[in-house]
Amino acid sequence: MTNPLLSISDLGVSFRSDEGRVHAVNNVSFSIDGGKTLAIVGESGSGKSVTALSILQLLGDAGRIDAGTIMFEGVDLAQHTPSAMRHIRGNQISMIFQEPMTSLNPVIKVGRQVAEPLVLHQGLSWQQALSQAETLLHQVAIPDPKARLEDYPHQLSGGMRQRVMIAMALACSPKLIIADEPTTALDVTVQAQILALLKDLTRQTGAALILITHDLGVVARYADHVVVMYGGRMMESTTAAQLYRTPKHPYTKGLMSAIPSLDSDTNLELATIDGQPPNLANPPQGCPFAPRCTLAEATCNAAPPDPREVGSNHLMACIYDD
């Protein structure tokens, strides 16, 4: 049995703040194989983006990895020096950020930005890299790619800018792509196009894709495996099909019940989860979801439960079986 491309075990991440250390991620574990798509799902503040950023050590001066391992092709990235990580970022692992206008340089032409990773990591000349950039823009379905090389980011639509970000991510043929809410600012039609493009490209290249999202509809259509996070912890982990067929954790069930259905009575109010997410500067002592959980009992407030097997390839951090 081959080892997974990426395997994260017992990851802990914290940030320095005026209130002390904020533990944004606690005891998170998952793995992904090449050619597969893993979705990390959760509401804002759940720790899903921090988990992704920790893979590339993009936590800033205030953040640090406190515990766990991030094994990528048998090497622990959590122990890599900043210099070593610069050879990983954009080369073996690429990241597509949520808002391309804050990621693309507004005063540098698109072609040069797509070509830059090829010059830095692959040793191509600028002429060779620009030629390859044109091919990449064509690959991500940007019309008239040669002309687009001379455009600045503000001259492109939101969907085209996001395609440029995907082209940059693909430039060095990475083995892992991390997409952090890649379609948030786009309309529904363009969202579907971008996600389908990402799925097709990863299937063609054999790269693994980690998709950070809060949209369970995206998970159902594009993910192979799902990790549900809440309050910095993993609540549930299983295949996308299994999650939709038999969600186990009360939080996952709450998310599922909040999805509107075309068959539902339009006069009915949407289901909600009462309460607020935990303050990670002063988190609950027990399960982070306990204050909002209708099934919570005294045991739930004593200590956070460890993830346990509740089925084939199905983990849940809850004391209840259903």
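The following refers to the structure shown. Everything numeric in this text was worked out from a predicted model, so none of it was measured.

**Concerning the environment of A78**
- Relative to the assigned elements, A78 resides in the loop between β5 (75-76) and α2 (82-88).
- What A78 contacts, discounting residues up to four positions off in sequence, is Q57, I65, G68 and I70.

**Things to note about the pairing of strand β11 (residues 308-311)**
- Bridge count between β11 and strand β12 (residues 314-316): 3 bridges; the pairing is antiparallel. When the bridges of β12 are listed, G311 appears paired with H314.
- The turn linking β11 back onto β12 is made up of 2 residues, and N313 within it adopts a positive phi angle of 55°.

**Details of the sheet that holds β12**
- Spatial strand order, β6-β7-β8-β3-β9-β10-β12-β11: 8 strands in an open sheet with mixed pairing. Sheet topology places β6 (93-96) and β11 at the edges, where each strand pairs with a single neighbour. Direction aside, the axes of adjacent strands within the sheet are offset by 20° on average.
- By the bridge criterion, 2 bridges tie strand β10 (residues 233-239) to β12 in an arrangement that is antiparallel. Note on β12: the bridge partner recorded for S237 is L315.

**What about the packing of aromatic side chains?**
- Tallying each qualifying case throughout the model produces 3 aromatic pairs.
- Between Y230 and Y251, the ring centres sit 4.7 Å apart and the planes meet at 50°, which makes this aromatic pair tilted. Pair noted here: Y230 is in strand β9 (residues 225-230) and Y251 is in helix α11 (residues 250-257), with a separation of 21 residues, a long-range link. Just as Y230 is buried, Y251 falls in that class too.
- Through successive ring pairs, a cluster of aromatic residues spans Y230, Y251 and F289.

**Notes on the sheet that holds β5**
- The strand order across the open sheet formed by 4 strands is β2-β1-β4-β5, and the pairing between neighbours is antiparallel. Sheet topology places β2 (20-32) and β5 at the edges, where each strand pairs with a single neighbour.
- Sheet topology note: the strand β1 (residues 6-17)/strand β4 (residues 63-72) ladder contains 8 bridges and is antiparallel. Along β4, the bridge assignment pairs L6 with F72.
- Seen against the sheet, helix α1 (residues 48-55) touches β1, β2 and β4 and runs at an angle of roughly 110° to β1.

Calculation notes
Residues numbered from 1 in each chain as written. Predicted model: local features only at pLDDT ≥ 70, side-chain atom pairs only at ≥ 80, totals over all residues. Heavy atoms only, no water. Helix = DSSP H or I, 4+ residues; strand = E, 2+ residues; numbered from the N terminus. Contact = heavy atoms within 4.5 Å. Pairing = 2+ DSSP bridges. Axes fitted to C-alpha atoms, helices over the stretch in contact; angles between N-to-C directions. Phe/Tyr/Trp six-rings, centres within 6.5 Å; stacked < 30°, edge-to-face > 60°. Buried < 20%, exposed > 50% of the residue type's maximum accessible area, 1.4 Å probe, protein only.

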